[in-house]
Amino acid sequence: RVAASDPLPTASAAVNKQDEHRKDDDDDPTSQALSRGQRKRQAKRDQYLKKEKMILSTLMLKKREEQKRRIDGLDAIRDALLDTTKNSETKEETAEEHSPTYGTNRSRKGLMSNEIERMGLVMEHPAFKENPFGAIQEHLKNTLAAQKEKRDQEAKKKAEQDKSKKEEKRLEKKERLQGIKKSTKKYKPRRCSRGS
């Protein structure tokens, strides 16, 4: 809290502080022994050292932050974990895109009424009446098997695409190497045939 009797800082106050700083420098016995040029060089050196210290401190901070991000030097594992989490997040996002979202009360009520009707049909089904758990297991086997088959087909397709890309790259590399071999001529050294 500033007292009312304290004067407000002005430009003249800043000048007075600089004068005090100069007087402190003049009181130092080494500064009186130095010439004007030496004092200038000393000031430049001090300024340079100050900048260097600041730069080194920022580099040290960056290095510490980098080390904090590392998991015991196992960057490859960390990267793999991050990739898998990103992949799972994108899969969840695509799943969310396909599943309808019901934001309003009216749409939620409509969804609830549809589900109640569906549950009623399930309860009336003869297989469910005989063995409820068996019917649920059978349903899950059928739906999950279809999903697994779909995923397997997608994986096989992707593997084939990767294989074909790899083969294309291999052929391109082979062609490039053949082109290099053709463009460079190998000169055989001349043998001097002196009368032997």
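Treat the numbers as computed from the prediction; the structure is a model and nothing was measured. (Residues numbered from 1 in each chain as written. Predicted model: local features only at pLDDT ≥ 70, side-chain atom pairs only at ≥ 80, totals over all residues. Heavy atoms only, no water.)

## Here we look at the overall build of the chain
- Looking only at helices and strands, one finds seven helices and zero strands in the chain.
- Ordered by position from the N terminus, the helices and strands of the chain form the series α-α-α-α-α-α-α.
- With 196 residues in all, the chain has 1% of them scored as buried. (Helix = DSSP H or I, 4+ residues; strand = E, 2+ residues; numbered from the N terminus. Buried < 20%, exposed > 50% of the residue type's maximum accessible area, 1.4 Å probe, protein only.)

## Looking at a nonpolar patch on the surface
- On the surface, Phe133, Ile136, Leu140 and Leu144 cluster together into a nonpolar patch covering about 420 Å² of accessible area.
- With respect to the element layout, Ile136 can be found in helix H7 (residues 132-183).
- Overall, Ile136 belongs to the partly exposed group, its relative accessible area being 41%. (Patch = residues over 30% accessible without salt bridge, like charges linked within 9 Å, V, L, I, M, F, W, Y side chains within 5 Å. Areas by Shrake-Rupley, 256 points an atom, 1.4 Å probe, with all protein chains shown as cover. Salt bridge = Lys/Arg side-chain N within 4 Å of Asp/Glu carboxyl O.)

## As for the pattern of salt bridges
- Following the criterion strictly, the structure yields two salt bridges and no others.
- Across the salt bridge formed by Glu115 and Arg118, the nearest N and O atoms sit 2.9 Å from each other. With Glu115 and Arg118 both in helix H5 (residues 105-124) and three residues apart, this pair spans about one turn of that helix.
- Since its relative accessible area comes to 40%, Glu115 is described here as partly exposed.
- A salt bridge links Arg170 to Glu167; its shortest N-O distance comes to 2.5 Å. Separated by three residues within a single helix, Arg170 and Glu167 lie in helix H7, roughly one turn from each other.

## Overview of a positive patch on the surface
- Together, Arg36, Arg39, Lys40 and Lys44 make up a positively charged patch on the protein surface.
- Structurally, Arg36 is set in helix H3 (residues 36-69). (Lys, Arg positive; Asp, Glu negative; His and termini not counted. Charge placed at Lys NZ, Arg CZ, Asp CG, Glu CD.)

## Here's the deal with the confidence of the model for the chain
- Here the chain averages 77 in pLDDT, while 64% of its residues score no lower than 70.
- Confidence, read as mean pLDDT per element, is least for helix H1 (residues 11-27) in the chain (53) and greatest for H3 (91). (pLDDT = per-residue confidence, 0-100.)

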